[in-house]
Structure formats: structure tokens, C-alpha cells
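# Tertiary structure, described
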Amino acid sequence: MPVTREHGKEQPYVGGPLKLRLPFVHYRIEYQDFVQGAILSCVPLGITAAMVSVLGIPIEVAVLMVVINNFLYLLHTSFGDPSVAGWITAGIPLYIAYLSGFPMGPDRILALIALQVLVGLIFLVLGVTGITRSVIARFPISMRAGILLGAGFASLMRVFNPDQPFIGKMPVAFLISAFASFFVLFSLRAMEFRKRYGWFAWVASFGIAPGFVVGYIAGLITGEISIPSGVFDRFIIAIPFGEMFSHFSVIGLGWPSWSMWGAAISLAIVAYVLAFGDILVLEALVDDADKARPDEKIVFQVSRNHVITSVRNILEGITMPYLPLCGPQWTGGQALVVNRYKNSIPEQEPSYWGGATSLFWGMSLAMVFHPLVQIILPAKDIGFGLTLLIQGYLCVYIAFAMCTNNVQRGIAGVMGAVLVTANYIKLWGSPFWSGPTMALIIGAVMYLSLEYFPSKESK
């Protein structure tokens, strides 16, 4: 039986700044989040196609890298950071374009090593010095809301773009899955059903898993999803550690040249700017969860999040350079965990840490078993699309809730639009002057000229 806590206090832990919490000791495994994580294992596996085509990594090695990366997510929730961690997703097209400038082979891998290690060092320096914490504390609400809106718009535009595989390739399966998931998660009628019917409350506790299953079945019936193959070819996935270290790491290739380090600096800064938006989203979602459940205090510290994110990037950069890099938060997964926690009473989910950590225990362990991976992979676009859709929905409504007047709403709307649309154009041919940078500049100018008024009355 996990240790108990006082009402309104933090969940017990061991240690100092890094608050170690262990399963079955400091939290229980939440089987609903474990199942959601197992189903959502299709989302991280989706990056393997780009790793194979862009970096020339064999599929077995790419899958192994994804599995290791997923286990490293547990560093956050195991050491006191409430983040459901993920990639620096928005920059993936920029990383691919950057790497394409190097010849396929060792040079391209070394270029990625330089980029990822530099990103890790940026996180480390800013986390240890506390600079980011000071910036966030003074960051205007209108600009926070603008970044949230931009993240929400980007997710929703991707989902409903016919060129993307969600609506474009599986309209019936995906729309059925989306409707079922949204009804369970957000419908006012569903909230009433949870209180009235025990069976519905049990089904709803699984989050998007019921919607995923319904969409999967619909896709098999309509032919939009192919029947799984090779399910019983093996029991455990291949584990080619030797090949990974000898051909795709510093251990086998050595360190990048000085010119590669220099070439990666600007893109590393861009990656951090993108991640900064994820940090603001993370803070908003955790704050939302903290207010909804006064029985438990959830503490988010930017410095702790930064240090753990830096460790992941530097460790992976040296041993297994990872194309999407390591970010401070996966908004879709964070939203799922926060939503279930908010809508549960302490008897149903005693602690936030049980749900947040169980998601990744389920996801990481599921990817080790070859049959489960092969069953879930045909519907990977449904799982990925649902997380994008939920991310968009929550980012938009939290952004609007943060703003208290029309000036803030206007600044947030313009900034969000700039963040999305400016990604299509890079001024002066530089990735630094793409959406995130332009959105921050325009948002700052609008805030200073329209909203900021340092008088006593304004304060």
C-alpha cells in the first residue's frame, strides 16, 4: 500500500531537490493510464519512418532508440517533475532540413549529435542559473496565451489538413474515434453519466482508449486500417545495442568537428525557443490540475525540468542521437493525464504521480513486446491524431481562460496566428526567423505598445 499524505500537501518522496518517488511505494500504478500509454505507443513509433529515411538508421535500431527514449521520460515523474515529457516536436521539419545539408552517413549523424548536445547544454545552463524561471515569472499573460493559441492552432490545422493522414486517409475511422474520445473526456452530459452510471465512469476512466478501440474497429470494417501482420514473428523486439553504439554514436564515430558545432548553434537556439512555449503550456496545465484537486499540492519547478531535460538530451546525443530531440513536455499526453486527474476523486486516483508515471510505464513496456507493437501500429495515425486534437482543444480554451480583457485576447490571437503562419516563410532564409521568433517579437511589441502601462492604477 503506497504511503499516504496530508490533505493539501505534496505526495511523500525521498531525497532533496530531486524528489524520488517509486511505484508501489509512493504511488500506485493506475491501470487506466497504463492502458492508455500502451495504446499510445504508436505515437513515438511514428518517428521511426523519418529516422530511417533521413538518417539511414535500420528500423530495428530506430525502434530500440524510441524504446530507450521512452524509458528516459520516466526520469521526470520519478524525480519530482510533473511533466509528461516528449519531443521538441514543432522543430522536426527544421531539423530534417538542417540535416539534409550534410551527406547521408556518418557526417549527418555527427551533425545531429552536435545539435542535440548543444540543446542539452542550453537547457542545463538556463536551468542551473535560473534565468528561465525569472523570464517566465515576468512573462505577460497575453503573450503566454498567444503561445498557447499558436500551439493549439498548429495542432488543429495539422489534424484537419487533408494532406495529413488523419482526415485524409481514414476519415470515417478517425472522426468516429475523435467523437467518442471527446464525448468521454469533455462532454457535460458525460460528466453527468459518470456520476449516474458506474459502468460509464469505469469506461471513461480509460480516457481516449475507448475511442481508439472504436475507431480501430471502424477502420478495419471500412478498410481504412490494414489488418495487422507479422504479429507472432517474435515475442520481444530486436535489441541491437552493438550496432547502435558502433555506427550511430560518439562511441563509434567520435566527436563532431568544430564547424559542425558552429553550424548547429542557431538551430539549437530555435529549438529552445520552441521548447519555451511547451514550458508555458506545461505550467498552465499543472496549475489547472492543482486548482481542480485541492487535496494534493503539485509543485512544478522550471529549474528541475530543465536539468532533467538537459540530461536526456546530452545522454542521448552522445549514445543515440535522436531526431526529434528531447523536450520539456508532450502536451497531448500531459492533457490526457491532467484531464483524468481533474475528473477523479482521491479514491479513484489518489495522486497525480500515479497517473503521470503509469502512462509511460505502459507505453515503454508495451513497445518491448513485438506482438503488441504490430497490433497497434496499423492505427498509429489515430493515436497521434487524437493527441493532437486534444492538445489543440485544451490549449485554446486555457488560452482564452487566462486572458482577462479584450486587449489581452487580441494580442494573444495575433501572436498565435503569427506563430503558425510565419512557419511557412523563413525571413532571410534563416530558420531562426521563422514562426516562434517572429511571434515572440510581434507579441512583445504589441504588449509594450498596447497593454503595458507602468502606473500604480494599472498595477
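As a reminder, the structure under discussion sits directly above these lines.
Counting of residues starts from 1 at the beginning of each chain's written sequence and follows it residue by residue. Local features are withheld for residues below a pLDDT of 70 in this predicted model, meaning they are given only at 70 or higher, and side-chain atom pairs are given and counted only at 80 or more; totals for whole chains, interfaces and linings count all residues. Note that the side-chain values use all heavy atoms of the structure and ignore hydrogens as well as water.

## Topic: the overall build of the protein chain
Helix and strand assignments follow DSSP, with helices taken as H or I runs no shorter than four residues and strands as E runs no shorter than two, numbered in order from the N terminus. Per the secondary structure count, the protein chain includes 22 helices and zero strands. Relative to the 2.2 N^0.38 estimate, which gives 23 Å for 459 residues, the radius of gyration of the protein chain is 22 Å and therefore close to what a compact globule would have. Referenced to the eigenvectors of the C-alpha coordinate spread, the extents of the protein chain come out at roughly 70 × 60 × 50 Å. Counting all 459 residues of the protein chain, 54% fall into the buried class. Each accessible area value is a Shrake-Rupley result obtained with a 1.4 Å probe; residue values ignore everything except the protein chains displayed when judging cover. Summing over all exposed atoms, the protein chain offers an accessible surface of approximately 19200 Å²; the carbon and sulfur share of this is 69%. None of His or the chain ends enter the tally, which takes Lys and Arg as positive and Asp and Glu as negative. Charged side chains are reduced to one point each, which is NZ for Lys, CZ for Arg, CG for Asp and CD for Glu. If you average the places of the 28 positive and of the 25 negative side-chain charges in the protein chain, the two averages end up 5 Å apart. Our radius of gyration is a C-alpha quantity, and the globule rule it is checked against amounts to 2.2 Å times the number of residues to the power 0.38. Here's how the labels work: a residue is buried when its accessible area is under 20% of the maximum for its type, exposed when over 50%, partly exposed in between, all with a 1.4 Å probe on protein chains only.

## Regarding the packing of aromatic side chains
The geometry of an aromatic ring pair comes down to the distance between the two centres and the angle between the two planes. Pairing of aromatic side chains requires ring centres within 6.5 Å, counting the rings of Phe and Tyr and the six-membered ring of Trp. Pairs whose planes differ by under 30 degrees are stacked, by over 60 edge-to-face, and all others tilted. Counted by the stated rule, this structure contains 23 aromatic pairs. With 6.4 Å between their ring centres and 55° between their planes, Phe183 and Phe193 make a pair best called tilted. Here Phe183 is found in helix α9 (residues 171-186), whereas its partner Phe193 is found in helix α10 (residues 188-196), with 10 residues between them in sequence. Given a relative accessible area of 22%, Phe193 falls into the partly exposed group. For a lysine, the NZ atom is tested; for an arginine, the CZ atom; a charge sits over a ring if that atom is within 6 Å of the ring centre and within 35 degrees of the ring normal. Lying across the ring of Trp353, Arg21 places its NZ or CZ 4.3 Å from the centre.

## Observations regarding empty space enclosed by the protein
Lining residues are defined by having an atom within 4 Å of a point belonging to a cavity or pocket. Those points lie on a 1 Å grid over the protein atoms alone, cavities being sets where a 1.4 Å probe fits but cannot get out and pockets being open sets with protein on both sides within 12 Å along at least five of seven lines. Grid points are joined across faces, edges and corners, and a volume is the space filled by probe spheres set on the points. Taken as a whole and judged by the stated rule, the model has one cavity of 30 Å³ or more. One number sums up the size of the largest cavity: a volume of about 40 Å³. As for the largest cavity, its lining consists of Leu285, Asp288, Ala335, Val338, Asn339, Lys342, Leu394, Tyr397 and Ile398. Top contributing element to the lining of the largest cavity by residue count: helix α17 (residues 331-342), with four residues.

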